[in-house]
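# Geometric and topological summary
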Amino acid sequence: MRVRGNPKAQVVRIGARLDAGTSAGVRSHLHDAVDRGAGDLILDVSELEMIDATGLGVLVGTHRRALSVQRRLVLRGVPPRIMRVLAVTRLNRILHVEASAAAVA
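In short, a report on the structure. (Residues numbered from 1 in each chain as written. Predicted model: local features only at pLDDT ≥ 70, side-chain atom pairs only at ≥ 80, totals over all residues. Heavy atoms only, no water.)

### With respect to unusual backbone geometry
Where the residue is not glycine, phi is negative for most of them; where a peptide bond is considered, it is trans in most cases. Phi at Gln70 takes a positive value of approximately 55°, unusual for a residue other than glycine. Within the secondary structure layout, Gln70 lies in the loop between helix H2 (53–68) and strand S6 (73–76). Positive phi values are uncommon outside glycine, yet Arg90 reaches one of about 65°. Tracing the backbone shows Arg90 in the loop between helix H3 (80–88) and strand S7 (96–97). On the basis of relative accessible area, Arg90 is assigned to the exposed category, the value being 52%. (Helix = DSSP H or I, 4+ residues; strand = E, 2+ residues; numbered from the N terminus. Buried < 20%, exposed > 50% of the residue type's maximum accessible area, 1.4 Å probe, protein only.)

And the structure:
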């Protein structure tokens, strides 16, 4: 996981899995990023291949934490498979998903 920051946004790249085995470490990094940064917190999930209920909980918890400090969580590069999971769970209505250039065209 890598974190890049600038005054307007931070970008955090998530690896291939966000599940029960990786959630504790990812949660800690994301909460630190929320607490230490400013502007949007952008999660680059373009490499994400697998997410489970625990991983979805990490996203929701990070979203709530960001809102509590007047920040916004943005998901970038959401693969179609992960987007289907977000749609089925209706989290696509709560979490901000950045529109890809292909989806806009």
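### Things to note about the nonpolar core
In this structure, Ile14 and Leu43 are the most contacted members of the largest nonpolar core, which totals 24 residues. Residue assignment for this core shows that the elements contributing at least two residues are helix H1 (23–36), strand S4 (40–44), H2, S6 and H3. At five residues, H2 tops the list of elements feeding residues into this core. For Leu43, the residues in contact, after removing those within four places along its chain, are Val12, Ile14, Leu30, Leu59, Leu73, Val74, Leu75 and Arg76. (Core = buried A, V, L, I, M, F, W, Y, C linked by side-chain atoms within 4.5 Å. Contact = heavy atoms within 4.5 Å.)

### What about H1?
With 14 residues, H1 extends 20 Å between its outermost C-alpha atoms, agreeing within 8% with the 20 Å of an ideal straight helix rising 1.5 Å per residue. The set of residues buried in H1 consists of Ser23, Val26, Leu30, His31, Ala33 and Val34. Taken around the axis of H1, the buried residues stretch over an arc of 155°, which confines them to a single face. Exposed side of H1, more than 90 degrees from the buried face: Ala24 and Arg36 are the residues found there. Where the residues of H1 are buried, they touch strand S2 (9–13), strand S3 (17–18), S4 and H2. (Expected span 1.5 Å × (residues − 1). Arc of directions from axis to C-beta.)

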